[in-house]
Amino acid sequence: MTSEQTPPLVEMRDISVAFGGVHAVERATVTLKAGEVVGLVGGNGAGKSTLMRVLSGAHPPDSGEILIDGEKVTIANPRDAKVLKIETIYQTLALADNIDAPANLFLGRELVSQSGMLDDSAMEDATRKVMGRLNPNFKRFKVPVRTLSGGQRQAVAIARAVYFNARILIMDEPTAALGPAETAQVRDLIRQLRSEGLGIFLVSHDIHDVFDLADRISVMYHGRIVDTVGKSDTSIDDVLAMIILGKPPGEASKEELKPLIG
Amino acid sequence: MSAGAGAVTPSAPRGLARVAGALRATEIDPRLFGMVAALVVIFLGFGAVTNGRFLSAINLLTMSVQAASVAILATGMVLIIVSRNIDLSVGSVVGIIAMTYAVLMHEVFPTTIGVDTAYGWLLALAIGLALGVLIGALQGFIIAYIGIPSFVVTLGGLLIFRGMVWVISGGATQAPNDKQFGVMAGGPEGSLGGPLSWALGIVFCVAIVLLLVYARRQRRRFNFPVRPIWAEIVIGVIGCAVTLAAVFVANSYKWPQGLVDRHLAEDPGFHVPPGGLDSGIPWPIVMLLAVTVLMTILATRRRFGRYVFAIGGNPEAAELGGINTRWTVMKTYILMGVLCAISAAITSARLNGASNDVGEGYELYVIAAAVIGGTSFAGGIGTISGAVLGAMVMYTLKYGLSFIGLESPIQDIVAGIVLIIAVGFDTLNRRRVR
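Undergrad: Where do I start with the overall build of chain A in this structure?
TA: Secondary structure summary: chain A contains nine helices and ten strands in total. In terms of overall size, chain A behaves like a compact globule, its C-alpha atoms giving a radius of gyration of 19 Å where 262 residues would be expected to give roughly 18 Å. Judged by the C-alpha coordinates and their principal axes, chain A covers about 65 × 40 × 40 Å. Taking all 262 residues of chain A together, 51% fall into the buried category. For chain A, the accessible surface area stands at approximately 11,700 Å², while carbon and sulfur atoms represent 51% of it. Mean positive and mean negative side-chain charge positions of chain A (29 and 34 charges, respectively) differ by 4 Å.

Structure follows, in structure tokens:
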């Protein structure tokens, strides 16, 4: 909302996605600046994940445009997104359970020798280094990730997003599967990455998580953006009301708000 | 070594625990180790029942050559099953390519380029390989890009290509092939001979040692934990010993006198050393070894193989990782087509032609070999060497049973039971590990 001189890092403009006849996302517009965390909240099926899948290339939009640094880009598949330094931590983690952590971290971007052979040692080395930052106790580099704990798997997924010097990070429910200690770790990581100048979209069910971490909050309801508000200009109650009613607080009537706030 | 676990466990399982610990230190796949052990037990079992006659060099060679066609196909089937697909058409594809070889050499070449020309058999082989690529690409395209389930497409392929065998053969058996083509049949005339066999054995030994050294260097380069040096030496020594023993056995089979006489009649200068002429490693086995090495490299050292396994483990993750999953799946079928052409060459060479039922039922043996070798139908799990061993286990059983006089139906019954036991064992084992 502040300066008009520098274009935002990301601008998704009038994005629409339909599955069959259902509008999963309808004319949604969101922006993200460098060094900013934008929380994306809404009920189940509000379209948060679908909107983010558009940005990560998993699902091309039916209409609308995406601008990176003010320039229009086409993101037709996950490869396009990665070229633009957009990395995603999916809610499902998107790990291939049958291969080990280094293979997952470099999936689709394997390090190879000059003769085109996989350089597993170099990939393991890089994985050891990045995991050493995220989860220093992690030692199981040679086993299928299926045998890892939920937190360890999450760490692998996060490591994959962080390793390739992302500028834009999409985190879809990054703490859903984690215990309190690990959740705190992820929160610290988000703050650290923001201070390094990354732009982060944080999708979460947990309104407290979002209020704790986000600079601005976009609320989605039935595929539309209800409103985008600065954290300091709003309250948890207002955001909750928007999530449930699908209207900005000013437009909701007293009767509608009453049962929610009391 | 025995300090930790050995101290608490009672004395009986202690030795076992120590063996297990030592095995773990060598980082040998326990599954593979189990299969080799099973194979040895089967060998020795049949050897005992037949007073050792089963273990003669000629038996071991014949058995391996019989298994080669199916083993070659099984290496490709592993990748297809790993990526959560199936190929039921391999028997018919082998059939149509084998028939193509035979028709070319028996009907087409005599009126065009002539019989037994220096290059005719290579031309036939090239056409067969091209046909394999074409069929694989066609089936792979329909499966990967149009999205018809592989079970359906290849079941259709099984019928279509078998029908085509009849169409191009006119219903008649086509024989013979060019003489040079027969080299791929194995037998004394289709083997490397003594010196070349030793050379191949030594090349393998050098490769084993170099690979061990290279792997250790790689891990040292990054200061990763490495295997204890004794384990490296044990692996190297066993690998080389087995290789050289296999060459020794292959060379201990000599050309039969009748065959030597025939060659002497044609060429009086045909030289036979006093101890007899070493037969050596049959060409089909050389082809199988080459396929196994190349397929193992593809499966484990190349991006392609990594992608196949990732697709099998989690297709969505593979897609989100930016992998071109469709092209990867299509490539597995193209590869299978190439392997069908290689397998068909061996099969056709062994028949010295092709009958209309050539390759019939191969699909079942190939799938069984892959599955006995540890390939999981759930996708994502399987090894090339396991599938080759699986084919060996199956054919050793079949050959052994026929050797002690049991008919083919009984062989199938045993093969079926072994299949179920092998997979059952695996399933229980995996459940326990989890």
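Undergrad: Quick question: what am I supposed to make of the layout of surface pockets here?
TA: Empty space among the atoms becomes apparent when a probe as large as a water molecule is rolled across them. Residues and elements named next belong to chain B. Space inside the second largest pocket adds up to approximately 440 Å³. Around the second largest pocket sit 16 residues that line it, and Lys 179, Gly 182, Glu 189, Arg 262 and His 263 are the ones nearest its centre. Mapped onto the lining of the second largest pocket, the elements with two or more residues apiece are helix H10 (257–266) and helix H14 (325–351). The element contributing the most residues to the lining of the second largest pocket is H10, with three residues. In the lining of the second largest pocket, the residues fall into three nonpolar, seven polar and six charged.

Undergrad: I tried to follow unusual backbone geometry on my own but got confused; where do I start?
TA: In most cases, non-glycine residues show a negative phi, while peptide bonds are predominantly trans. Look at the link from Ala 175 of chain B to Pro 176 of chain B: it is a cis peptide, with omega at -5°. Secondary-structure assignment places Pro 176 of chain B in the loop between helix H7 (150–169) and helix H8 (194–221). Even without a glycine there, the phi angle at Asn 165 of chain A is positive, about 55°. Of note, Asn 165 of chain A is situated in the loop between helix H5 (150–163) and strand S7 (168–172). Positive phi values are uncommon outside glycine, yet Asn 223 of chain B reaches one of about 60°.

Undergrad: Explain H8 of chain B here, please?
TA: Three or four residues apart is the spacing at which side chains of an α-helix point the same way, because the helix has 3.6 residues per turn. With 28 residues, H8 of chain B ought to run about 40 Å at 1.5 Å a step, and its terminal C-alpha atoms sit 40 Å apart, in line with that. Those residues of H8 of chain B lying buried are Gly 194, Ser 197, Gly 201, Cys 205, Leu 212, Arg 216, Gln 218 and Arg 219 of chain B. Residues of H8 of chain B that are buried make contact with helix H4 (120–134) of chain A together with helix H9 (229–252) of chain B. Positive phi shows up at Asn 223 of chain B, right after H8 of chain B, with a value of about 60°.

Conventions adopted
Residues numbered from 1 in each chain as written. Chains lettered and ligands numbered in written order. Predicted model: local features only at pLDDT ≥ 70, side-chain atom pairs only at ≥ 80, totals over all residues. Heavy atoms only, no water. Helix = DSSP H or I, 4+ residues; strand = E, 2+ residues; numbered from the N terminus. Rg over C-alpha atoms; globule rule 2.2 N^0.38 Å. Buried < 20%, exposed > 50% of the residue type's maximum accessible area, 1.4 Å probe, protein only. Areas by Shrake-Rupley, 256 points an atom, 1.4 Å probe, with all protein chains shown as cover. Lys, Arg positive; Asp, Glu negative; His and termini not counted. Charge placed at Lys NZ, Arg CZ, Asp CG, Glu CD. 1 Å grid on protein atoms, 1.4 Å probe; cavity = no way out; pocket = protein on both sides within 12 Å on 5 of 7 lines; lining within 4 Å. Points joined across faces, edges and corners; volume = space filled by probe spheres on them. Nonpolar A, V, L, I, M, F, W, Y, C, P; charged D, E, K, R; others polar. Expected span 1.5 Å × (residues − 1). Contact = heavy atoms within 4.5 Å.

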